[in-house]
Amino acid sequence: MKRIITFLLLISIAGMVSAQRTTTFHKAFLEEDGSTNVREVEVPFSKEHLQMTAVDRFPQPEGWPKRLAANPTFKNMRGLALADINNDGKDDIIVAASNKLYAFEGNGNLLWSVEVQGNATYPPSVADVTGDGKLEVVLLTGGIPNNGHAYVVDNEGNVLPGWPYTADLNWLFCSPALADLNNDGQMEIIFGVGILNEIHVLKADGTPFSDNWPLEIDSTPAFTVSVGDINNDGELNIIAGGSSGTLYAFDIHGEDLTGFPVAAPNTGFSYQSPMLADFDDSGELSIVGATHCDAPEFYVRNNNGEYRNGWPIPVPEEYWTYSAPTIADINGDGNLEVFSSRPTGQDELPMLYGFTADGEELPDFPISKSGGLEGFISVADVDGDGQLDLIFGSNLMVEGRGFIHAYKTDGGGEIEGFPLRPEGFTFMNGANLGDVTGDGMLNIVALSYEQTFSPTDSALVNVYNLDVSIEDANIQFGTYKGSNTRSGMFDAAPFPDDAPAAATEFHVTAAEMGELEATLTWINPSEQVDGSPLTELTEMKILRNGEEIASIDDPEIGGEETYVDDEITEDGAYTYSIFGVNEAGEGLRSFFSLYIGHDVPAAPENVVLTADLNNATVTWEAPESGLNDAYFTGENLTYTVVRMPDEHVVAEDISDLQVEDNEVEMGNYYYTVTASNHVGEGGSASSNTEMLAPEGVLMFETFDYTVGELPPGWEIDGVSHSWSVSGTNQAGGADAPELRLNYA
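Residues numbered from 1 in each chain as written. Predicted model: local features only at pLDDT ≥ 70, side-chain atom pairs only at ≥ 80, totals over all residues. Heavy atoms only, no water.

1. Some words on the sheet that holds strand β32 (residues 441-449)
Logical step 1: If you trace the four strands from one edge of the open sheet to the other, you get β4-β33-β32-β31, paired in antiparallel fashion. Since the sheet does not close on itself, it has two edges, and those belong to β4 (66-69) and β31 (431-434), each with one partner. For this sheet, the mean inter-axis angle between neighbouring strands, taken without regard to orientation, is 25°.
Logical step 2: Bridge count for β4 against strand β33 (residues 458-469) is four bridges, and the pairing is antiparallel. Bridge pairing in β33 places R67 opposite L460. (Pairing = 2+ DSSP bridges. Helix = DSSP H or I, 4+ residues; strand = E, 2+ residues; numbered from the N terminus. Axes fitted to C-alpha atoms, helices over the stretch in contact; angles between N-to-C directions.)

Here it is in structure tokens:
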């Protein structure tokens, strides 16, 4: 049964009588472009609906909820992020809505906000992307007309140099995954791009990870990619999916892993981002997810693309589901469980399922409710009884309020005090878990939104105080994809509590005059990962660009250390990392990146294009510094000049500061100038854009735009009427290109 319904809105109708009362639901669904639409249907009014109007037992503290401007059509999915962005020991709330990114303290104080281009629907990802010891926020946007951008913002709300990034303004999907693919101490940013049907991998500075990326797939990238070493070969892999139902697994060079790509007949992907889990303690990871279309399924695939024994499991009644799965060990026996969900209609039906790793249904599952669920499912002990519970939203809204449910996993039903009733829909969102108030107690932070298709619609950030400590809550899964990196890796304890914490005051100094040598200094760890005093430190390991180059045996706990690396063989950028080791295992890493040796030149300065009819003269000034602020002499500089956008090379390896390009075919052009020296290619700079054309031509415009979309750089100011582009020949010209704007 093909289904499009994704959430239900219940509105009470006064004056209804008789034993079988009815109520008007607004049944909403996602269009193919991700926008929300609504239709009405009459359904029975059940006893459960009356019970779901209770007042919250857990009121929101002063200053909450916060109302944020929302896009009239494209609403938020998958919640928000909780992270200590200002390093004060308390979780902060990082949330995007419409064209703004916000950071709030738990008391409601706004730390900062950033206006972005495009519309943000998915939550930001948060991690130390640049390796500087501070958190960065990474956000993707999209919209119709296309206006996709990727942003990296520091912990004070500043957009980092090199950002935003755009792929011809196409929509960027969904949340970015963050992972250090090459062990250089900085994280790569991985995401899909619509229309182009590409997977992009960018470095922290916004440049491509390698020449192998971006990589084209067979259809629209359909979910947040996942990243993990699924075949246990020591190298991370990238898991992506196309809307056609094709599942991909790539190595970091963009090569398909054995057994991939793979697809099941009559299935597709939309929003069901998979998790990665080691079910057998083998070091190898399985891919856990769901599909929709005519044969929707819950699935687990091995790292060779084949289904794991016991899987797939058909979604009952062939309901389409946008469910993103959750992985947890709910009873602490070391065996992982899988939780996934589906939408339902107005009747109370099974909707949240729990399975073993081998596809067997867990006792006391599924959970049955009206409307179903397609948001993320969180896992924590919210009532302090020592047992993990499931916390989730709903596809329903009743009397203007949505739901945050909390259910026991032993069949005990809904926990006392739940559901919470935030204003608006919680559809496609969920419960973010952390301590934002800084009192050591668990908070639920839930994103909800109004859906009236009006410019006055709001997204709401709701904060609830619970009666359980953050320690006793034992959060196993508390945000979309289980972590703020959105990588999908389930790892309840990445470092042992009694392993060494990170070394402090780590610094690397390059030798003077471009000599290939570096001096490393640091203070050995004095604490364990859990913050208690460190009592054992057997070794400190030193790595350069991810490869071990030295180790220090029996280092002094808390002692000062120095190491000189005099075995560097070539000029370039290097990242050093150090960590301690004891009987418990390897400890937390410290990183430092710098350029060592002679530097390549920075970009040329003041690049100017002067047009004389269809002849061009390009001039520039020589760079005075190195691209990486390292040792630079300014000697032996050469330049390459390229005409854009036709990518015609005008000159290569010239030493002059001027070049001419004559009798150019009519068009609008700019030029890039790239500087090089004996070390290699350096920075590039672009000129202004000018029209090159014979005498008598006033303007040149190809009108070569995608039919059905606004031209790049255009936007709608006011009420959207689905403006679009079509090609015509009705303006009086013969073969001249034309542009017609219309709306429906």
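Structure shown, so let's carry the discussion forward.
2. Observations concerning the packing of aromatic side chains
The description of an aromatic ring pair rests on the distance of the ring centres and on the angle between the ring planes.
Logical step 1: Summed over all chains, the structure comprises 22 aromatic pairs.
Logical step 2: Seen from their ring centres, Y353 and F355 are 6.2 Å apart, and the 5° between their planes marks the pair as stacked. Across the pair, exposure class does not vary: Y353 and F355 are buried alike.
Logical step 3: In this structure, K66 packs its charged tip against the face of W64, placed 5.8 Å from the ring centre.
Logical step 4: The cationic tip of R643 hangs over the ring face of Y669; the distance from NZ or CZ to the ring centre is 5.4 Å. (Phe/Tyr/Trp six-rings, centres within 6.5 Å; stacked < 30°, edge-to-face > 60°. Buried < 20%, exposed > 50% of the residue type's maximum accessible area, 1.4 Å probe, protein only. Lys NZ or Arg CZ within 6 Å of the ring centre and 35° of its normal.)

3. Concerning unusual backbone geometry
Logical step 1: Note the cis peptide between W64 and P65, where omega equals 0°.
Logical step 2: Inspection of the secondary structure assignment puts P65 in the loop between α1 (47-51) and β4.
Logical step 3: Residue F365 is joined to P366 through a cis peptide bond whose omega torsion reads 5°.
Logical step 4: Although it is not a glycine, F453 adopts a positive phi angle of roughly 60°.
Logical step 5: Examined against the element boundaries, F453 turns out to sit in the loop between β32 and β33.
Logical step 6: Even without being glycine, D653 reaches a positive phi, approximately 55°.
Logical step 7: Tracing the chain through its elements places D653 in strand β45 (residues 648-654).
Logical step 8: Residue class for D653 comes out exposed when judged on its relative accessible area of 57%.

4. Here's the deal with the environment of W171
Logical step 1: Relative to the helices and strands, W171 is located in the loop between β10 (150-153) and β11 (172-179).
Logical step 2: We classify W171 as buried; its relative accessible area is 10%.
Logical step 3: Spatially, the C-alpha atom of W171 lies 9.3 Å from that of N119, the residues being 52 residues apart in sequence.

5. Overview of the environment of L336
Logical step 1: By secondary structure assignment, the location of L336 is in the loop between β23 (326-328) and β24 (337-341).
Logical step 2: The residues contacting L336, other than those within four sequence positions of it, are A277, D278, F279, I327, A328, D329, T356, A357 and F490. (Contact = heavy atoms within 4.5 Å.)

6. Things to note about the pairing of strand β43 (residues 615-621)
Logical step 1: Alternating residues of β43 divide into A616, V618 and W620, all buried, and N615, T617, T619 and E621, none buried.
Logical step 2: Pairing of strand β42 (residues 605-612) with β43, which is carried by six bridges, proceeds in the antiparallel orientation. Its bridge partner lying in β43, T610 is registered against T617.
Logical step 3: As paired strands, β43 and strand β46 (residues 658-661) are joined by four bridges and run antiparallel to one another. Residue pairing for β46: T617 is matched across the bridge by E660.

7. A short note on the sheet that holds strand β25 (residues 349-355)
Logical step 1: As summarised here, the arrangement of the four strands in space is β23-β24-β25-β26, forming an open sheet in which the pairing is antiparallel. The open sheet has two edge strands with one neighbour each: β23 and β26 (367-369). For this sheet the average axis-to-axis angle between neighbouring strands, irrespective of direction, equals 25°.

8. A closer look at the pattern of salt bridges
If charged atoms from side chains of opposite charge come close, those side chains can pair.
Logical step 1: Within the structure shown, the criterion is met by 14 salt bridges.
Logical step 2: In this structure, E317 engages R342 in a salt bridge whose closest nitrogen and oxygen atoms are separated by 3.3 Å. Within this pair, whereas E317 is found in the loop between β22 (313-314) and β23, its partner R342 is found in the loop between β24 and β25, the two being separated by 25 residues in sequence.
Logical step 3: By relative accessible area, E317 is classed as partly exposed at 46%.
Logical step 4: Owing to a relative accessible area of 1%, R342 belongs among the buried residues under this scheme.
Logical step 5: Between E548 and K541 there is a salt bridge whose closest N-O contact spans 3.4 Å.
Logical step 6: By sharing partners, the salt bridges in this structure join D383, D385, D389 and K408 into a single network. (Salt bridge = Lys/Arg side-chain N within 4 Å of Asp/Glu carboxyl O.)

9. Some remarks on the environment of L285
Logical step 1: The topology assignment puts L285 in the loop between β19 (275-277) and β20 (286-290).
Logical step 2: For L285 and G228, which are 57 residues apart along the polypeptide, the C-alpha to C-alpha distance reads 7.7 Å.
Logical step 3: Once residues lying within four places of it in the same chain are set aside, the contact partners of L285 are G228, D229, I230, L276, A277, D278, N302, N303 and M489.

So yeah, pure geometry; function would need other evidence.
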